[in-house]
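A closer look at the structure
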Amino acid sequence: MKAMERMRRDNPDVKHARGDQRGHALFELTPERMRCEFRATEHPVREQATYSTQATYVVEAGRPGVQAA
């Protein structure tokens, strides 16, 4: 079993985890919601590296829990 699979198994609150790419998370916060977009690249040291969205999640005001967007 890979490390990320073990981490997700042992931490049921973790919604997104990958170890094969490098990236960052972008957050948008408003009174209505919090939105998180995970962006990553396979080649972080290349000058022409391109980023893609791995996953997006939201937490909406008045609605408990994290939802896939």
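Let me sum up the structure you'll find in this document. These numbers come from a predicted model, not from an experiment.

The rules behind the values
Residues numbered from 1 in each chain as written. Predicted model: local features only at pLDDT ≥ 70, side-chain atom pairs only at ≥ 80, totals over all residues. Heavy atoms only, no water. Helix = DSSP H or I, 4+ residues; strand = E, 2+ residues; numbered from the N terminus. Rg over C-alpha atoms; globule rule 2.2 N^0.38 Å. Buried < 20%, exposed > 50% of the residue type's maximum accessible area, 1.4 Å probe, protein only. Contact = heavy atoms within 4.5 Å. Areas by Shrake-Rupley, 256 points an atom, 1.4 Å probe, with all protein chains shown as cover. Lys, Arg positive; Asp, Glu negative; His and termini not counted. Charge placed at Lys NZ, Arg CZ, Asp CG, Glu CD. Salt bridge = Lys/Arg side-chain N within 4 Å of Asp/Glu carboxyl O. Pairing = 2+ DSSP bridges.

Remarks on the overall build of the protein chain
Each helix and strand in the protein chain was counted, giving one helix and four strands. In terms of overall size, the protein chain is more extended than a compact globule, its C-alpha atoms giving a radius of gyration of 14 Å where 69 residues would be expected to give roughly 11 Å. With 69 residues in all, the protein chain has 16% of them scored as buried. Taking as baseline every contact in the protein chain between residues at least 6 positions apart, the subset at least 24 positions apart corresponds to 22%. A total accessible area of about 5,400 Å² is found for the protein chain, and carbon and sulfur atoms account for 49% of it. Charge centroids of the protein chain, computed over 12 positive and 10 negative side chains, lie 5 Å from each other.

Side note on the pattern of salt bridges
Pairing between side chains becomes possible if they bear opposite charge and their charged atoms approach one another. Overall, the coordinates contain six salt bridges when judged by the stated rule. The partner of R9 in a salt bridge is D10, with the nearest N and O atoms 2.9 Å apart. Judged by relative accessible area, which is 48%, D10 ranks as partly exposed. We note a salt bridge from E28 to R33, for which the minimum N-O separation is 3.7 Å. What makes E28 partly exposed here is its relative accessible area of 36%. Each of R35, E37 and R39 takes part in salt bridges that share partners, so that together they form one network.

With respect to the sheet that holds strand 2 (residues 33–41)
Spatial strand order, 1-2-3-4: four strands in an open sheet with antiparallel pairing. Edge strands, defined here as strands with exactly one partner in the open sheet, are strand 1 (22–29) and strand 4 (67–68). Of the strand pairs in this sheet, strand 1 and strand 2 are connected by eight bridges, and their pairing is antiparallel. Following the sheet pairing, R22 is matched in strand 2 by T41.

Topic: the pairing of strand 3 (residues 52–60)
Here strand 2 runs beside strand 3; their pairing, made up of eight bridges, is antiparallel. The residue of strand 3 that forms the bridge with E37 is T56. Where strand 3 meets strand 4, two bridges bridge the pair, whose relative direction is antiparallel. From the neighbouring strand, Y57 faces strand 4, where its bridge partner is A68.

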